[in-house]
Amino acid sequence: MTTTADSVTGTPVAIGTRGGPDQPTLRKDTWWVEPVVTVAVLTAFVVYSTWAAFVGKDYYAGTAFGRDLISPFYSPCIANSCVPGSHSFGTLPFWNYSPALLILIFPLGFRLTCYYYRKAYYRSFWWSPPACAVADGHRSYSGETRFPLILQNIHRYFFWILLIFNCILTYDAVLAFRQPYVVNGVEHSHIGISVGTVVLVANAAFLWLYSLSCHACRHFCGGQVKSFAKHPTRHKLWKFVTPLNARHMRFAWISLFGVAIADLYVRLVASGTIHDPGFHF
Amino acid sequence: MADAEDKVTMRVWRGDENGGEFTDYVMPAVEGEVVLDVVHRIQASEAPDLACRWNCKAGKCGSCSAEINGLPRLMCMTRMDTLPEGQPVTVAPMKTFPVIRDLVTDVSFNYEVARTIPAFEPGPEPEGGYRMMQVDVERGQEFRKCIECFMCQNVCHVIRDHEDNKPKYAGPRFFIRFAELEMHPLDVNDRRELAHDKGLGMCNITKCCTEVCPEHIKITDNGIIPMKERVVDARYDPVAWLGRKLTGRRKKTAEEAAAG
């Protein structure tokens, strides 16, 4: 047994010769399935969303289809190239590339710094570690103490920005109840429900659940207070988001699939590949 | 677990700091046993010199931590009938700590880290004595369930796979100790800086500590991540920094609080 000094207090810390079997892992179960599935799904999503972001078309199904559906990848549509009617919140005149490239950086940043996704990609992509009690894939390790991983600490700012996006996507979901049509050159609209409406409403709902279940949200709601008794309102908020937080992983995956499905569905409708079934009142 | 003759093969690591190997013991399978029962029967019959640490046999003392089929578990709480049938049951010592002999490891690393953590530090006692509301008492109860089996420390890859990190990393067991004290309304020490200094930033929240905890403490979600967020408040968040500058609010040190 040898000792070395603790870097902060100078207290000796035991560092002995490790015994036990010298093997990367003794596990014989299928621990590798989870990282493999995670890599497959996240890679598929990245490939699809990159293609969808760069393609720059078929992201809005408007009056020509009797619908008002916009892909979540392209909302808010603020580029010069946005098609008419696509829920513009103003236009950036200098941006002539795909509108999605302006937008996706924020959801991407939120998910990249999310405490759940960090676990998922540290395990599956970085093998640090690939699974519990399976050897780390790297010789040295400094965690999130240095650049660039120290930037994970800005997660809370992406959380606040995502709340704005959630409001916009909720607005889109409400507008999806519109079914516009043109008579004598004048646009009118019915109020109705289509599959596209349900898809966008579900997408917005799951994005809200994912955001509200975020650990940073739980911290702001009440996690940061020293005494719940002195902050009863924040305690109530904390009690509201805590059960959501326990399901953060589930909402992270569902909302990920949700945005991809919503984009794909709008794309299929906007390109005329499928008809969006629905009815109006 | 049991073959056609109702036997079970226990593959137990035997050795000390100089090395060792797995030894197979074929034992009669007995219904309702846990791994520790079989290890005790090995001691009583085939290997009286087999070393293992145990105490309560009820999952409350945290003594019999080992790696069963490669996963950190309490031997006394792992039923034999939950392990795959027809395969040897591997029992090895905890990997992160130095082996003394066979299944017994030297966990003094944890006690030495514990000594470096300042104890509960209340401010000056107000007239009428210290008071806490029940809701604040309940908040830290989860962390007090810890039985100090040190399986979270063992499975944490920060020190399991990187021995050189031990001097600068307290580990999940002590991060929930920081969380418990930081969330205690009467504790005046700034645990955020202490946790940061003891390597909280090295944790990459892969949650293995939570997965192996026999007390089902949500170590990562309820302890480490809330502490990380508090450290962000204290060190990394420019808006929080500006807020403190504008309002002049900051947490008192223990000495300042004691001085009133």
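Computed from a prediction, not measured in an experiment: that's the story for all the values here.

### Remarks on the sheet that holds strand β4 (residues 71-74) of chain B
Residue and element names in this part refer to chain B. Read from one edge of the open sheet, 5 strands run β2-β1-β5-β3-β4, paired in mixed fashion. Because the sheet does not close on itself, it has two edges, and the strands there are β2 (19-28) and β4. Geometrically, the sheet is characterised by an average inter-axis angle of 30 degrees between neighbouring strands, direction not taken into account. The sheet strands contacting helix α1 (residues 35-45) are β1 (7-16), β2, β3 (65-68) and β5 (89-92), and the helix crosses β2 at an angle near 95 degrees.

### As for the pattern of salt bridges
As enumerated under the stated definition, the model contains 31 salt bridges over all chains in all. Between B:E229 and A:R156 there is a salt bridge, and its shortest N-O distance comes to 2.9 Å. Here B:E229 is found in helix α10 (residues 219-236), whereas its partner A:R156 is found in helix α5 (residues 155-175) on a different chain. Judged by its relative accessible area of 2%, B:E229 falls in the buried class. Judged by its relative accessible area of 1%, A:R156 falls in the buried class. One salt bridge in this structure joins B:D221 and B:K207, with 3.0 Å as the shortest N-O distance. Remark: B:K207 occurs in the loop between α8 (191-197) and α9 (208-212) and B:D221 occurs in helix α10; sequence separation between them is 14 residues.

### Quick word on the domain arrangement of chain B
Residues and elements named next belong to chain B. As assigned here, chain B comprises domain 1 (7-105) and domain 2 (108-258). Relative to domain 2, the C-alpha centre of domain 1 lies at a distance of 33 Å. On the domain 2 side, the residues contacting the 13 residues of domain 1 number 18 residues. Summed over both partners, the interface of domain 1 with domain 2 buries about 1,200 Å², with 56% contributed by carbon and sulfur atoms.

### Concerning the nonpolar core
Within soluble globular proteins, side chains that are nonpolar generally end up buried alongside one another. Core analysis: the largest hydrophobic core is formed by 68 residues, its most contacted members being B:M10, B:V35, B:M75 and B:V91. Split by domain, the residues of this core number at least three in each of domain 1 (7-105) and domain 2 (108-258) of chain B. Among the nonpolar cores identified, the runner-up in size contains 44 residues, and A:Y60, A:F73, A:W95 and A:V259 belong to it.

### Comments concerning the sheet that holds strand β5 (residues 178-183) of chain A
All names here are of chain A. Read from one edge of the open sheet, 3 strands run β5-β6-β7, paired in antiparallel fashion. With one partner strand each, in any of the chains shown, β5 and β7 (278-280) form the two edges of the open sheet. On average, adjacent strands in this sheet sit at an angle of 45 degrees to one another, irrespective of strand direction. By the bridge criterion, 3 bridges tie strand β6 (residues 186-194) to β7 in an arrangement that is antiparallel. By the bridge assignment for β7, I193 is matched with F279.

About the cut-offs
Residues numbered from 1 in each chain as written. Chains lettered and ligands numbered in written order. Predicted model: local features only at pLDDT ≥ 70, side-chain atom pairs only at ≥ 80, totals over all residues. Heavy atoms only, no water. Pairing = 2+ DSSP bridges. Helix = DSSP H or I, 4+ residues; strand = E, 2+ residues; numbered from the N terminus. Axes fitted to C-alpha atoms, helices over the stretch in contact; angles between N-to-C directions. Contact = heavy atoms within 4.5 Å. Salt bridge = Lys/Arg side-chain N within 4 Å of Asp/Glu carboxyl O. Buried < 20%, exposed > 50% of the residue type's maximum accessible area, 1.4 Å probe, protein only. Domains from an automatic or database assignment. Buried area = accessible area lost by both parts, 1.4 Å probe. Core = buried A, V, L, I, M, F, W, Y, C linked by side-chain atoms within 4.5 Å.

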